[in-house]
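Reading the structure
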Amino acid sequence: MSEKKIHISPIKNGTAIDHLPVGTSLKILEAINVNDATCTAAMNVESKKMGRKDILFIEGKELNETEMDKIRILGKNGTMNIIKDSKISKKESIDYPNEAKGILTCANEKCITNKEGLITKFSLKKNPLSAKCFYCEKSMDKKEIMNSIKKG
Ligand SMILES: [Zn+2]
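Residues numbered from 1 in each chain as written. Predicted model: local features only at pLDDT ≥ 70, side-chain atom pairs only at ≥ 80, totals over all residues. Heavy atoms only, no water.

On to helix 2 (residues 65-74). Side chains that are three or four residues apart share a direction in an α-helix, a result of its 3.6 residues per turn. Counting buried positions over the 10 residues of helix 2 gives eight, a clear majority of the element. Here helix 2 has its buried residues at Glu67, Met68, Asp69, Lys70, Ile71, Arg72, Ile73 and Leu74. (Buried < 20%, exposed > 50% of the residue type's maximum accessible area, 1.4 Å probe, protein only. Helix = DSSP H or I, 4+ residues; strand = E, 2+ residues; numbered from the N terminus.)

Set out below in structure tokens:
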């Protein structure tokens, strides 16, 4: 019996994100504004490196920094490949950003960002992941952060 493999044709212009933890591809699609982009998600794919993984292809859209930071929070340890004219123009090992601007909703209901709709700003710390609101200094742990990512 031959090994079962998934073949996906490479994209011409867009972003390919590999080695995502299983279940992450859908969360990323929820968090970014995909507009007219063509998105292909391969979920629960066998991986030599990590057992099981997700792969996500976003074709025909250039991600902005806010969207990339959402991916950096959701897809830690994955690999983000920016593809231009069928070639990898930039490769990035995904790690948490130091700052999250306009990405998270503050868990403090009384925070000025919630009351007056200001753009949120958090400083992030790794190991373990935590985020501190620039305005009210509310601290959020990893679970709260994952639940507070704004939808695209
Ligand atoms: Zn706050």
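The next point concerns the pairing of strand 5 (residues 87-93). Across six bridges, the pairing between strand 4 (residues 79-84) and strand 5 is antiparallel. Counterpart to Ile82 in the pairing with strand 5 is Lys90. Linking two consecutive strands that pair antiparallel, namely strand 4 and strand 5, is a turn of two residues; a positive phi of about 50° is found at Asp85 within it. (Pairing = 2+ DSSP bridges.)

Every buried residue of helix 1 (residues 24-31) is listed here: Thr24, Ser25, Ile28 and Ala31. Looking down the long axis of helix 1, one finds its buried residues gathered within 125° of arc, a one-sided arrangement. Those residues of helix 1 that are buried are in contact with strand 1 (14-20), strand 2 (38-47), strand 3 (51-59) and helix 2. (Arc of directions from axis to C-beta. Contact = heavy atoms within 4.5 Å.)

Below, the discussion takes up the coordination of the zinc ion. In this structure, Cys106 (SG), Cys111 (SG), Cys133 (SG) and Cys136 (SG) serve as the protein donors to the zinc ion, at separations of 2.3 to 2.4 Å. Relative to the metal, the four donor atoms surrounding the zinc ion lie at angles of 101 to 115°, and the coordination shape comes out tetrahedral. The sequence pattern formed by the donor residues of the zinc ion is C-x4-C-x21-C-x2-C. Taken together, the residues Cys111 in the loop between strand 6 (99-101) and helix 3 (112-115) and Cys133 in strand 8 (residues 130-133) connect sequence positions 22 residues apart. Both residues of the pair, Cys111 and Cys133, count as buried. (Donors = N, O, S within 2.8 Å, 3.2 Å for Na, K, Ca; no water. Tetrahedral: all angles 85-135°; square planar, octahedral: opposite > 155°, others 65-115°.)

Now for a nonpolar patch on the surface. Residues Ile112, Leu118, Phe134 and Tyr135 make up a contiguous nonpolar surface patch of roughly 360 Å² in combined accessible area. Mapped onto the elements of the fold, Leu118 is located in the loop between helix 3 and strand 7 (121-125). (Patch = residues over 30% accessible without salt bridge, like charges linked within 9 Å, V, L, I, M, F, W, Y side chains within 5 Å. Areas by Shrake-Rupley, 256 points an atom, 1.4 Å probe, with all protein chains shown as cover. Salt bridge = Lys/Arg side-chain N within 4 Å of Asp/Glu carboxyl O.)

Residue Pro128 is reached from Asn127 by a cis peptide bond, and omega for that bond is -10°. Within the secondary structure, Pro128 sits in the loop between strand 7 and strand 8. At Asn77, a residue that is not glycine, the phi angle is positive and equals roughly 75°. For Asn77, the location among the structural elements is in the loop between helix 2 and strand 4. In this structure Asn77 comes out as exposed when scored by relative accessible area, which is 56%.

Another aspect to go through is the pattern of salt bridges. Close approach of charged atoms allows side chains with opposite charge to pair. In the structure shown here, the tally under the stated rule is 10 salt bridges. The shortest N-O distance in the salt bridge between Lys61 and Glu67 comes to 3.2 Å. Summarising the burial analysis for this pair, Lys61 and Glu67 share the class buried. Asp69 is paired through a salt bridge with Arg72; the nearest N and O atoms lie 2.6 Å apart. Residue Asp69 and its partner Arg72 are both found in helix 2; the two are separated by three residues, about one turn of the helix.

Let us look at the domain arrangement of the chain. The domain boundaries assigned to the chain delineate domain 1 (14-93) and domain 2 (99-147). The centre of domain 1, based on its C-alpha atoms, is set 24 Å off from the matching centre of domain 2. Summed over both sides, the interface of domain 1 with domain 2 buries roughly 490 Å², with 78% coming from carbon and sulfur. At the surface where domain 1 touches domain 2, the tally comes to zero salt bridges. The class makeup of the residues in the side of domain 1 that touches domain 2 is two nonpolar, one polar and two charged. (Domains from an automatic or database assignment. Buried area = accessible area lost by both parts, 1.4 Å probe. Nonpolar A, V, L, I, M, F, W, Y, C, P; charged D, E, K, R; others polar.)

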